[in-house]
Amino acid sequence: QGRLQESGGGSVQAGGSLRLSCAASGYTGSPYHMAWFRQIAGKEREGVAAIYGADSSTFYAASVQGRFFISQDNSMRTLNLQMNRLKPEDTGIYYCAAGHPNLVLDYRQYTNWGQGTQVTVSS
């Protein structure tokens, strides 16, 4: 029932960096997992990174491990994704999501989604 809105996408050359943000509202009560997913044309939505509000534990897809970093502010109202050493294959629409998943990087486990923000990485 909460609302999510992404920002910070844009165009960057390979090797560059971007920081995405997701403003969250209406998330109260039990702790949530928050996550970033990306949509690449012709492919299944892919989990990128996730964080658990109760203990700030983080999870990353192997393809972004060591390059991307997920974080939340203290109030858990802002979700961030620092994206470093970007590659052309990182190009896609990035979404933030919230839910109570079992598999934290499985998009089917999440119930609330933002509108997405475009990330384009040129070679």
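Report follows, based on the coordinates. (Residues numbered from 1 in each chain as written. Predicted model: local features only at pLDDT ≥ 70, side-chain atom pairs only at ≥ 80, totals over all residues. Heavy atoms only, no water.)

## Regarding the sheet that holds strand 3 (residues 18-25)
Okay, so step 1: The 4 strands are arranged 1-3-8-7 in an open sheet whose pairing can be described as antiparallel. Single-partner strands in this sheet number two, and they are strand 1 (3-7) and strand 7 (68-72). If you compare each strand with its neighbour and ignore which way they point, the axes differ by 15 degrees on average.
Okay, so step 2: Both strand 1 and strand 3 contribute to a ladder of 5 bridges, which runs antiparallel. For Glu 6, the partnering residue across the bridge sits in strand 3 and is Cys 22. (Pairing = 2+ DSSP bridges. Helix = DSSP H or I, 4+ residues; strand = E, 2+ residues; numbered from the N terminus. Axes fitted to C-alpha atoms, helices over the stretch in contact; angles between N-to-C directions.)

## Considerations on the pattern of salt bridges
Okay, so step 1: Within the structure shown, the criterion is met by 4 salt bridges.
Okay, so step 2: For Arg 67, the salt bridge identified is with Asp 90, shortest N-O distance 2.8 Å. Of this pair, Arg 67 sits in the loop between strand 6 (58-60) and strand 7 while Asp 90 sits in the loop between strand 8 (78-83) and strand 9 (92-99); the two residues are 23 residues apart in sequence, bridging distant segments of the chain. In terms of burial, Arg 67 and Asp 90 fall into one category: buried.
Okay, so step 3: In this structure, Arg 108 and Asp 106 form a salt bridge, with 3.0 Å as the shortest nitrogen-oxygen distance.
Okay, so step 4: If you follow the salt bridges from partner to partner, you end up with Arg 38, Glu 46, Arg 67 and Asp 90 in one network. (Salt bridge = Lys/Arg side-chain N within 4 Å of Asp/Glu carboxyl O. Buried < 20%, exposed > 50% of the residue type's maximum accessible area, 1.4 Å probe, protein only.)

## Here we look at the state of the cysteines
Okay, so step 1: Scanning all chains against the criterion turns up 1 disulfide.
Okay, so step 2: Across the disulfide, Cys 22 is cross-linked to Cys 96 (sulfur-sulfur distance 2.0 Å). Looking along the S-S bond of the Cys 22-Cys 96 disulfide, the torsion reads about 55 degrees, which is the right-handed sense. Of the two residues, Cys 22 is situated in strand 3 and Cys 96 in strand 9; the sequence distance between them amounts to 74 residues.
Okay, so step 3: The buried category is assigned to Cys 22, whose relative accessible area is 0%. (Disulfide = S-S within 2.5 Å.)

## A look at the nonpolar core
Okay, so step 1: Formed by 26 residues in total, the largest nonpolar core has its most connected members in Trp 36, Leu 81 and Tyr 94.
Okay, so step 2: Sorting the residues of this core by element identifies strand 3, strand 4 (33-39), strand 5 (46-52), strand 7, strand 8, strand 9 and strand 11 (117-122) as the ones contributing at least two each.
Okay, so step 3: The greatest single-element share of this core, amounting to 4 residues, is contributed by strand 3.
Okay, so step 4: Apart from the residues within four sequence positions on either side, Tyr 94 is in contact with Glu 6, Leu 20, Trp 36, Phe 37, Arg 38, Val 48, Phe 68, Leu 81, Met 83, Gly 116, Thr 117 and Val 119.
Okay, so step 5: By size, the runner-up hydrophobic cluster in this structure holds 6 residues, among which are Ala 35, Phe 37, Ala 50 and Val 104. (Core = buried A, V, L, I, M, F, W, Y, C linked by side-chain atoms within 4.5 Å. Contact = heavy atoms within 4.5 Å.)

As far as function goes, none of this settles anything; it's purely spatial.
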